[in-house]
Amino acid sequence: GAEVLFSVDCTKLKEHFLPGKREFDRIYFNFPHCGRKAGVVKNRQLLARFFHSCAEVLAQEGEIHVALCNGQGGTPADQPRREWHNSWQIVAVAAGAGFILSEVHPFKAQTIEGYKCTGYRSQDKSFCVEGALNHIFTQGTAPLCFTPVSCKTQLGSQNVSFQVPQVLVDKMNRGFLEGNSSHPVRTIKEKLSAGLSQAFALQTISSCLPLLHQGHPGGVCHSNIFWITLSSGEAPSTEKTSQGLAKAVLFSHFGQDTDKNVQEGCPIPQQVYLRPSLLPHAQAIIKKRTFSPGTIQVLSGPVFRKCRITPHSMPVFHEMLIVLAVSRGTENSCIQMLVDNIKTTLNSLHQGVPGISISLQEATSFGAELNDFAAFEQQLGEIQHFLCVGTEPDPSGSCVGVIRTAPDELKTHELVVVLASLNLDLLAMLLCGISDWRMLWTWDRRFLRQFPEGELRLFKSFSLYPPSYVHDVSFWVPDGEEFDEVAFHTLARRVSGEMVVSIQLRDNFQQAGTGRRSLCYRVTFQSCDRALGCREAAEMQLHFREEMQQHLGVTLR
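Residues numbered from 1 in each chain as written. Predicted model: local features only at pLDDT ≥ 70, side-chain atom pairs only at ≥ 80, totals over all residues. Heavy atoms only, no water.

**Q** Explanation requested: the sheet that holds strand S2 (residues 58-68) in the structure shown.
**A** Here four strands make up an open sheet; going across it, the order is S1-S2-S4-S3 and the pairing mixed. Two strands lie at the open edges of the sheet, namely strand S1 (24-30) and strand S3 (99-106), each paired on one side alone. Shown here is a sheet whose adjacent strand axes are inclined to one another by a mean of 20°, direction ignored. With seven bridges connecting them, S3 and strand S4 (residues 133-139) associate as antiparallel partners. Its bridge partner being in S4, His105 is matched across the sheet by Asn134. Across the sheet, helix H1 (residues 40-54) is in contact with S1, S2, S3 and S4; its angle to S2 comes to roughly 155°. (Pairing = 2+ DSSP bridges. Helix = DSSP H or I, 4+ residues; strand = E, 2+ residues; numbered from the N terminus. Axes fitted to C-alpha atoms, helices over the stretch in contact; angles between N-to-C directions. Contact = heavy atoms within 4.5 Å.)

**Q** Any chance you could explain the environment of Asn43 here in plain terms?
**A** As for its placement among the helices and strands, Asn43 is situated in helix H1. Assessed through its relative accessible area of 1%, Asn43 is described here as buried. Setting aside its immediate chain neighbours within four residues, Asn43 contacts His33, Cys34, Ala38 and Trp88. Looking at Asn43, its side chain comes within polar contact range of the main-chain oxygen of Gly39, at 3.0 Å. (Buried < 20%, exposed > 50% of the residue type's maximum accessible area, 1.4 Å probe, protein only. Polar contact = N/O pair within 3.5 Å; in protein donor to acceptor, adjacent residues only side chain to side chain.)

**Q** Before we go on, may I ask you to explain the pairing of strand S13 (residues 295-304) in this structure?
**A** The side chains of a regular strand alternate, residue by residue, between the two faces of the sheet. By the criterion of burial, S13 is predominantly enclosed, with nine of the ten residues buried. With four bridges connecting them, strand S7 (residues 201-204) and S13 associate as parallel partners. Bridging from a neighbouring strand, Ala201 pairs with Thr295 of S13. Bridge count for S13 against strand S14 (residues 316-327) is nine bridges, and the pairing is antiparallel.

**Q** Help me understand unusual backbone geometry in this model?
**A** Trans peptide bonds make up most of the peptide bonds, and negative phi angles are found at most residues other than glycine. Note the cis peptide between Gln79 and Pro80, where omega equals -5°. Positive phi is not limited to glycine here, since Asn173 has a value of about 55°. Within the fold, Asn173 resides in the loop between strand S6 (158-163) and helix H3 (184-197). Although it is not a glycine, Glu498 adopts a positive phi angle of roughly 65°.

**Q** Honestly, the packing of aromatic side chains in this entry has me stumped. Any pointers?
**A** The way to describe two aromatic rings as a pair is by their centre distance and the angle between their planes. Tallied over the full model, the rule gives 21 aromatic pairs. Ring geometry for Phe176 versus Trp441: centroids 4.9 Å apart, planes at 45°, classification tilted. Taken together, the positions of Phe176 in the loop between S6 and H3 and Trp441 in the loop between helix H7 (424-432) and helix H8 (445-448) put the pair 265 residues apart, joining distant regions of the chain. The exposure class of Phe176 is buried, given its relative accessible area of 8%. With a centroid separation of 6.2 Å and an interplanar angle of 40°, the aromatic rings of Phe483 and Tyr521 are classed as tilted. One end of the pair, Phe483, is in the loop between strand S19 (469-476) and helix H9 (485-496); the other, Tyr521, is in strand S21 (residues 517-525), with 38 residues separating them in the sequence. The same class applies to Phe483 as to Tyr521, namely buried. When the ring centre of Trp476 is taken as reference, the NZ or CZ atom of Arg516 above it lies at 4.2 Å. (Phe/Tyr/Trp six-rings, centres within 6.5 Å; stacked < 30°, edge-to-face > 60°. Lys NZ or Arg CZ within 6 Å of the ring centre and 35° of its normal.)

This is the structure:
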């Protein structure tokens, strides 16, 4: 009962089907080939035109199945694997049309009734299909359009607004911790809270915590902060307003007097910053001195920190801050009790992740190299302990939390306040086997489908072997100035829309005689969840070079 069409041009599929019959759920192309002795370049061109043609007739969640002989695809699934230049580079070719490789399976001709492999060099001869692979492609998420987002808030009797930094536009108001969310960061937060409630009297702070702080956070490097310039009056009507931030107000840093910072009728400060930590909000809780020994209060929400580009370094993540009041002299035993409680919860959460280990390390004897999370926490104040989660092949662990006691001025004769800060995003990555932090923020619905509400599972990537594109950039640093590498990385994030996965210093050269210094960096572009083609990556690199000159004051070489 099927309709069969012959002489269909695979590069012009739209022309062969009426508009009402173009929404295909599956498109199969078994062993594409230009014919005769066509080389790899011509066959890549054939595939490129085929994928662009498929984009016009494939359903939203449809699949494209392409079977290739062993080695042709150029992916790690090929055994043995050909050199990249000698393969059909199928993943990169498909990316140019907006498709990502989601699955790879052995091609089994014997399971298809009546199927026969013929056409060797355009003849009625069979060819070898041993080791052949079926590549399944799906549509990647569409590129994000980063239009300016303006946030409004009330400060005293005046309206203020600020423009959200472009690198954070798609991170605002995502609602990962809301009650109707099934995101793994919320699952971890809820499970940790439930575990704590079994050992301590628990209170969750659910009110809207201010996103903006005023002044300079003591001890924190200026380049690690997302500085915001406020303006009086209404935001421009042409810009989108983020209603979710309407309750944002200014808030002082940890240890400062809040009452002096925001008063009715005071001049509006010209510059504030997005909160890099929830620690300042613990100040108000501690000053109230309304809780008794053994009482825990939990705060949670997104925090924002400029940082270098690595798979585990994130400019925004969800922090869970635990505030525990204990009797003076019992803080060490209570800290151990708190850590044991967290360990028990985390051990019950992880599924399918081999060799997971959780350890508490003294700050003075921390063995592993500090990650960006731990390094920034050190800037916020003295740390007594690091909480680490290790997985194979890195049993030494990655720091996911720190434990400190409140400053002396916030202690009493009877009570000591213990503060435990946890990076929920890092915990989600380690417990679910997610290798790239960007995947936590994907708009692709296939991510959340893997995590039913209240359940954590080992994550299965829906984008296999994403192509990467390497570009080098070298430049002269302005005389007498220290190069701000964090600003360099932040600019790369903004220009590429978080498509830069790695930046490595390749050369640091000082010219004899003049003393001028030149730096050379290798920039790698790669997406974890959507299609990124070579042309788009090249355009990003050119834009990056232009922005470097304008914003960093360097001279390109």
